[in-house]
Structure formats: structure tokens, C-alpha cells
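Residues per chain, in single letters:
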Amino acid sequence: MKIVLTGSGDSLDSMIDKRFGRAALFISYDLESGEYTVHDNKQNLNAAQGAGIQAAEKVCSIGAEAVITGHCGPKAFRALSAAGIKVYCGAEGSISSVIEDFRSGNLVVSESADVEGHW
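Keep in mind the model is a prediction, meaning the values are calculated, not measured.

Undergrad: Can you lay out the pairing of strand β2 (residues 25-30) for me, pointing to particular residues and giving the numbers?
TA: Look at any regular strand and the pattern is simple: side chains alternate between the two faces of the sheet. Counting buried residues in β2 gives five out of six residues, a clear majority hidden from the surface. Note that strand β1 (residues 2-7) and β2 share six bridges and pair antiparallel. Each bridged residue has a counterpart across the sheet, and for T6 the counterpart in β2 is F26. When β2 meets strand β3 (residues 36-40), the two strands line up antiparallel, connected through five bridges. Each bridged residue has a counterpart across the sheet, and for L25 the counterpart in β3 is D40. Hairpin geometry of β2 and β3 is characterised by an intervening segment of five residues between the two adjacent antiparallel strands and by a positive phi of about 80° at G34.

As C-alpha cells, this is what we get:
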């Protein structure tokens, strides 16, 4: 299973980026192999609008089955949900610790966006 996490840096020791659409980058992580890849999100950092939807499209192209982030707005949440990608909001801490929380079943699938757009 491939998951995507919002990252503030390019290693598993980096902290989760609390914003989905305007995250510094995405880290795709393969739960079976433990391999990860860093994906830049610079084009959305300063976007006037549409950052969440564009970020959701990027995550879809990566092939993620789940997204783990601090917060997710309504448009991005709808786009991810429509693509069948589960969203986990409220993540905090290092990417490696959040991956362990996910493996342990300590994260709960979000039922809806947890912030307004342009957060």
C-alpha cells in the first residue's frame, strides 16, 4: 500500500506539514518495502487559488491509497474522496512517527474536511 504524507522536509525525520494543498512537499511511502520518494509541491505554495485541487491531482498521479496530513480543506477533501483516496487529518510529529501510528491503527479516517478553504 502506498501512502502520501505532507512533509516540511525531505526525510522521514522531517515534521508533518500541517497544510495539505500548500504543503512544502509530499512523501510517498510504500508500506511493504519501506521505500519512499519525495515529490515537490512548490507550484502550489503561493497559488492564488486551486492549491488543494492541484495537490489532490498530484497525489492521485503518485498512486496513493491514503493521504496523511495535518489539515485538509473542503475542495481537496472532495477531490481526494472522489478518487477513492482515504484522508487522515490531525497528524502531528515526525513523518516516521506518523507512519508508525498509521501502521498501528492509531489514525482515524476523516469523514470531512477539517478547515475552510484558503487556510
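Undergrad: I'd like a rundown of the packing of aromatic side chains, residues and numbers included.
TA: Applying the stated criterion across every chain yields a total of two aromatic pairs. Pairing F20 with F26 gives two aromatic rings, centres 5.5 Å apart and planes at 45°, and the pair type is tilted. For the pair F20 and F26, one class covers both residues: buried. Centroid distance Y88 to F102: 5.3 Å. Interplanar angle 85°. Geometry classified as edge-to-face. In this pair, Y88 sits in strand β5 (residues 86-88) while F102 sits in helix α4 (residues 95-103), placing the two residues 14 residues apart along the sequence. Note on F102: relative accessible area 14%, which makes it buried.

Undergrad: Quick rundown of the sheet that holds β5? Include the residues and the values.
TA: Reading across the sheet, the five strands line up as β3-β2-β1-β4-β5 and stay open at both edges, with mixed pairing between neighbours. The two strands at the open ends of the sheet, each matched to only one other strand, are β3 and β5. Strand-to-strand twist in this sheet, taken as the mean axis angle between neighbours without regard to direction, amounts to 20°.

Undergrad: Go over the nonpolar core, please, and point to the residues and values.
TA: By size, the foremost hydrophobic cluster in this structure holds 17 residues, and its most contacted members are F20, F26, V59, C72 and L80. Mapped onto this core, the elements with two or more residues apiece are α2 (51-62) and α3 (74-82). A per-element tally of this core places α2 first, with four residues. With sequence-adjacent residues up to four places away left out, F26 is seen in contact with V4, L5, T6, F20, T37, V38, H39, N41, A55, K58 and V59.

Undergrad: Can you lay out the pattern of salt bridges for me, pointing to particular residues and giving the numbers?
TA: One pass over the structure, following the stated rule, counts two salt bridges. Close ionic contact of E92 with K18 constitutes a salt bridge, the shortest N to O distance being 3.6 Å. With a gap of 74 residues between them, E92 in the loop between β5 and α4 and K18 in the loop between β1 and β2 connect regions that are remote in the sequence. For E92, a relative accessible area of 56% puts it in the exposed group. Classification of K18 as partly exposed rests on a relative accessible area of 41%.

Criteria and cut-off values
Residues numbered from 1 in each chain as written. Predicted model: local features only at pLDDT ≥ 70, side-chain atom pairs only at ≥ 80, totals over all residues. Heavy atoms only, no water. Buried < 20%, exposed > 50% of the residue type's maximum accessible area, 1.4 Å probe, protein only. Helix = DSSP H or I, 4+ residues; strand = E, 2+ residues; numbered from the N terminus. Pairing = 2+ DSSP bridges. Phe/Tyr/Trp six-rings, centres within 6.5 Å; stacked < 30°, edge-to-face > 60°. Axes fitted to C-alpha atoms, helices over the stretch in contact; angles between N-to-C directions. Core = buried A, V, L, I, M, F, W, Y, C linked by side-chain atoms within 4.5 Å. Contact = heavy atoms within 4.5 Å. Salt bridge = Lys/Arg side-chain N within 4 Å of Asp/Glu carboxyl O.

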